[in-house]
Amino acid sequence: MAVMMLMPAVFARHKEVKPDKILFIPHDNRPISDKQTAEVVKKLGYDVVIPPDEILGDRQNLGNPDALWTWLEANAVDAKAAVISSDSLVYGSLVGSRKHNYNRNEVVERVEKFSQFRKKNQQLPLYAFGSIMRTPRSGEASGHEEPAYYRSYGSDIFRYTVLRDKAEVEGLSHRENKEKAFLEELIPQKNLSDWLGRRKKNFAVNEELIKLTRKNVFDYFVLGRDDNAPYSQTHMESRHLTNFGKDLGKEKFQTMAGIDEMAMLLLARAVNHMRNETPSVYTRYNWGRGPYTVPAYSDEKISISINDAIIAAGGVAAARPEQADLVMMVNTNPNGKTYEANERNNDGEEREGTKYFADLVSEYVSKGYPVGIADIAFANGSDNALMEQLKKRNLLFKIRAYSGWNTPTNSSGFLIGEGMLVHRMKKDDVEALLLTRYLDDWAYQANVRNTIARQLTWLRGDGVYGSLDTKREAVSLRTQKMISRFVDVNLPHFSSLEEIYVYFPWNRMFESDIQHQAYKEIHFFKK
């Protein structure tokens, strides 16, 4: 009798491949600093791991640097790269860098932790971004993110630093010297000493961070010049810090105009280095001043900022559009001025340069170029005239990337980082990223925000534009309705836009968190 042997079945088990993990510590938890930036990289399949909100800084909570260090060390084990805000790890957040009460020894000790972290994680690519403290033009412009006395003396402090900087660069006239002496008497000495003292600590920290870059603690380090002007304390400090680190070269260290776009640029750099890719960017400006435009909130020509941002993201400039991975089209005003998106001239009516620029976009799209638009004719929102042209010509979803939020350099830098990465994405993912920007930059920033701001007095409760308080929920509901109407009129039908939710995480109208289905389906792992 034959005996049948039953052999155990052998099942092949496919080992699950985990996505590469990138650690990301933003400089605060604003949607654009945090979720919207991470969203771009997650579309490529990376596991972008971000600290929990409660230890990141917001408008009231300045962040917890010690908890952030603990989080970073705990999550570094299997990470493939880390993009980190030095402001968060030294002060708690970007706002914390302006308003903290840490002494010099405390902040310098935290800087030394970077060396210790590098010794424990020698193979981890480490990309860091920090800030040179801003110099707001006034207390109103500071958005209550400076010490309280800046509301009273902000304009005087700004003017005083203009004269200090100009004195170093070209000297002052007799009248300007008298004005400088007058301002020194006018501004309370304790307030001026406090403000300049904070900056001295920030400057010392930045010098130490440059020294660490020289020792290869960072693979790359960039210092952003937050809101500034051609003459200001920010501009002065940037000149000195640039000179201090000039031996490192731009592939290792840069100072750049802007700050909120730095995370997007460095995440793009991390991805490009992981893929061993060097994307090329061809830049085309609107006619007129174009590359020579010195935009609002900046101290240099936009062409310099864009070229520096390309380097920061790990790319190179392309000489011709047909050679480029990204054809970056920059919507500037022919006269070289930057307007505000909530001004009356952003009414959607065609202006000088609008049709010319839209014709260029049409031409480049028809040739199959990967077009991205940096919309910087207006600060803090889209150019409605341009968007009308893109809508009429059916170009809104034929371009590959768009950015028109906050300052011009924020928009151009974000566009470069995102634009370098979208060529690897599926069409649906590219459209989802475009929707995020159209809802925020175009629908909300350039249109709904201004309308709701005018209607605030109609709503019950206590609250103003910069502090919504008990009006917060009502403003959210009203904004949701207005954005939904805007979508019905201006965008093609997307099932993901049938439900739109709007939140104001910083209790003010300046930035919003607009969520729709395509956005909500993005998973952000916060451990």
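As a reminder, the structure under discussion sits directly above these lines.
Residues numbered from 1 in each chain as written. Predicted model: local features only at pLDDT ≥ 70, side-chain atom pairs only at ≥ 80, totals over all residues. Heavy atoms only, no water.

Draft legend 1. Molecular detail of the nonpolar core. Counting 134 residues, the largest nonpolar core has Phe114, Tyr438, Ile483 and Leu491 as its most contacted members. It is helix H15 (residues 427–455) that contributes the most residues to this core, eleven residues altogether. Apart from residues lying up to four places away in sequence, tyrosine 438 is in contact with Met387, Leu396, Phe397, Ile399, Tyr402, Ala443 and Leu491. In this structure, Phe158, Tyr160, Val162 and Leu192 belong to the second largest nonpolar core, which totals 14 residues. (Core = buried A, V, L, I, M, F, W, Y, C linked by side-chain atoms within 4.5 Å. Buried < 20%, exposed > 50% of the residue type's maximum accessible area, 1.4 Å probe, protein only. Helix = DSSP H or I, 4+ residues; strand = E, 2+ residues; numbered from the N terminus. Contact = heavy atoms within 4.5 Å.)

Draft legend 2. Here's a closer look at helix H8 (residues 189–214). Compared with the 38 Å implied by 1.5 Å per residue over 26 residues, the 37 Å span of H8 between its first and last C-alpha is a close match. The positive-phi residue at the C-terminal boundary of H8 is asparagine 216, with phi of around 65°. (Expected span 1.5 Å × (residues − 1).)

Draft legend 3. Layout of the pattern of salt bridges. On inspection of all chains with the given rule, the structure shows 34 salt bridges. The closest approach of N and O atoms between arginine 110 and aspartate 66, which form a salt bridge, is 3.5 Å. Of the two residues, arginine 110 is situated in helix H5 (residues 104–120) and aspartate 66 in helix H2 (residues 65–75); the sequence distance between them amounts to 44 residues. You can call arginine 110 buried: its relative accessible area is 7%. Given a relative accessible area of 41%, aspartate 66 falls into the partly exposed group. Through salt bridges with shared partners, a single ionic network connects Asp28, Arg30 and Asp260. (Salt bridge = Lys/Arg side-chain N within 4 Å of Asp/Glu carboxyl O.)

Draft legend 4. Structural detail: unusual backbone geometry. Of note in the backbone geometry, asparagine 394 takes a positive phi value of approximately 60° without being a glycine. Inspection of the secondary structure assignment puts asparagine 394 in the loop between helix H13 (384–392) and strand E13 (401–403). The class of asparagine 394 is exposed, set by a relative accessible area of 52%. Not every positive phi belongs to a glycine, and aspartate 469 is a case in point at roughly 50°. Within the secondary structure layout, aspartate 469 lies in the loop between H15 and helix H16 (472–490).

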